[in-house]
Amino acid sequence: MKKPETIDEYIAAYPPPVQLLLEHLRETIHSAAPNAEETISYGMPAFKQKKMLVYFAAYKKHIGFYPTSSGIKAFEKNFINYKWSKGAVQFPIDKPLPLKLVSKIVAFRVKETTSKSEV
């Protein structure tokens, strides 16, 4: 299979129920970071605004969300119902995505990257 060059191509490679989850995640990220650019990085959908904000990826049983280590650290108390590590959180594919939480994390990353670039 050819590596995707766009997020549309990435999403299209998955079954319709997973496509729907990925589109909801994409829309949520856009709402929280309207000036962010879409890209593919490390083979995953990613959003950048001056710097990389977040990445996400679909797997057999979960959606991986990668808001960098600072995004995880700032919200780790919200991940008690999920598997998570210092740079990622796994959202089960058979449960609703925590889109409000994703929105807060993305907004945090936007503020963080904007603040750092102005220093």
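Below is a summary of the structure that appears in this document. What you see is a predicted model; the values in this text were computed from it and never measured.

Some details on the side chain of Arg26
Within the element layout of this structure, Arg26 appears in helix 2 (residues 16-32). With a relative accessible area of 10%, Arg26 lands in the buried category. Here the side chain of Arg26 touches Glu38 through a polar contact of 2.7 Å, side chain to side chain. Sequence-distant contacts of Arg26, defined by excluding residues within four places in its chain, comprise Ile7, Asp8, Ile11, Glu38, Phe47 and Phe56.

So, the sheet that holds strand 6 (residues 89-92)
Hydrogen bonds along the backbone pair up the strands of a sheet, which may run parallel or antiparallel. The strand order 1-2-3-4-6-5 describes an open sheet built from six strands, whose pairing is antiparallel. The open sheet has two edge strands with one neighbour each: strand 1 (37-41) and strand 5 (83-84). Note that strand 4 (residues 62-66) and strand 6 share four bridges and pair antiparallel. Bridge pairing links Ile63 to Phe91 in strand 6. Along the sheet, helix 2 contacts strand 1, strand 2 (44-49), strand 3 (51-58) and strand 4; its crossing angle with strand 3, the most-contacted strand, is approximately 165°.

A short note on helix 3 (residues 68-75)
Burial in helix 3 covers these residues: Gly71, Ile72 and Phe75. End-on, the buried residues of helix 3 take up no more than an arc of 95°, which puts them together on one face.

The rules behind these values
- Residues numbered from 1 in each chain as written.
- Predicted model: local features only at pLDDT ≥ 70, side-chain atom pairs only at ≥ 80, totals over all residues.
- Heavy atoms only, no water.
- Helix = DSSP H or I, 4+ residues; strand = E, 2+ residues; numbered from the N terminus.
- Buried < 20%, exposed > 50% of the residue type's maximum accessible area, 1.4 Å probe, protein only.
- Polar contact = N/O pair within 3.5 Å; in protein donor to acceptor, adjacent residues only side chain to side chain.
- Contact = heavy atoms within 4.5 Å.
- Pairing = 2+ DSSP bridges.
- Axes fitted to C-alpha atoms, helices over the stretch in contact; angles between N-to-C directions.
- Arc of directions from axis to C-beta.

Read these as spatial facts, not as claims about activity.
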